[in-house]
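Spelled out, the chains give:
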Amino acid sequence: QVQLAESGGGLVQPGGSLTLSCAASGITLMDYDMGWYRQTPGNERDLVAAISKGGLLNYDNDVKGRFTISRDNARLYLQMNNLKPEDTAIYYCNGLNKYYSAPLWPWGQGTQVTVSS
């Protein structure tokens, strides 16, 4: 059914930038509210950015002003600027229910972002 595939992570220095991409098969991506989550060892996945079907944006305060979520017809993106060591995590994408309280589909493998000097 629905398969999610994240890409674009890597090792960057503090202050650097990365753009993450999410491809979703089995759905029409533009029909859903979508979000980016991140997870560090021992913690749950936290929603950090969301974009509604209508284009409304929402960000966690920790990333507001530094990250930008967007989409096109095929992929979901997360532009990450001025990266900090505390941004180090595995980043995942998923669809969101109307209350942004739960993901819609099985998780993909995520993509590792490591911010270190």
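Our subject is the structure that appears above.
Residues numbered from 1 in each chain as written. Predicted model: local features only at pLDDT ≥ 70, side-chain atom pairs only at ≥ 80, totals over all residues. Heavy atoms only, no water.

*Asks:* Hey, could you run me through the state of the cysteines in this one?
*Replies:* Linking two cysteines covalently through their sulfur atoms gives a disulfide. Under the criterion given, the structure shown has one disulfide. Each sulfur of the disulfide joining C22 and C93 lies 1.8 Å from the other. One disulfide, between C22 and C93, carries an S-S torsion of 60 degrees and so falls in the right-handed class. With C22 in strand β3 (residues 18-25) and C93 in strand β9 (residues 89-95), the pair connects residues that are 71 residues apart, well separated along the chain. With respect to class, C22 is no different from C93; both count as buried. (Disulfide = S-S within 2.5 Å. Helix = DSSP H or I, 4+ residues; strand = E, 2+ residues; numbered from the N terminus. Buried < 20%, exposed > 50% of the residue type's maximum accessible area, 1.4 Å probe, protein only.)

*Asks:* Explanation requested: the sheet that holds strand β1 (residues 3-7) in the structure shown.
*Replies:* Backbone-to-backbone hydrogen bonds pair the strands of a sheet. The strands run either parallel or antiparallel. With antiparallel pairing, four strands are arranged side by side in an open sheet as β1-β3-β8-β7. The open sheet has two free edges, formed respectively by β1 and β7 (67-71), since each of these has just one partner strand. Averaged over neighbouring strand pairs, the angle between their axes works out to 15 degrees when direction is ignored. Sheet analysis places β1 next to β3, joined by five bridges and oriented antiparallel. Bridged to Q3 within β3 is S25. (Pairing = 2+ DSSP bridges. Axes fitted to C-alpha atoms, helices over the stretch in contact; angles between N-to-C directions.)

*Asks:* I tried to follow the environment of G54 on my own but got confused; where do I start?
*Replies:* Assignment of secondary structure puts G54 in the loop between β5 (46-51) and β6 (57-59). Exposure remark for G54: the relative accessible area of 71% places this residue in the exposed category. The spatial distance from the C-alpha of G54 to the C-alpha of M30 is 9.0 Å, given a sequence separation of 24 residues.

*Asks:* I would appreciate a short explanation of the sheet that holds strand β10 (residues 111-115) in the present structure.
*Replies:* In space, the six strands of this open sheet follow the order β2-β10-β9-β4-β5-β6, with mixed pairing throughout. At either end of the open sheet lies a strand with only one pairing partner, and these are β2 (10-12) and β6. Averaged over all adjacent pairs, the angle separating strand axes in this sheet is 25 degrees, with direction ignored. Summarising the sheet, strand β4 (residues 34-39) and β9 pair through six bridges and their orientation is antiparallel. Among the inter-strand pairings, W36 is bridged to a residue of β9, identified as C93.

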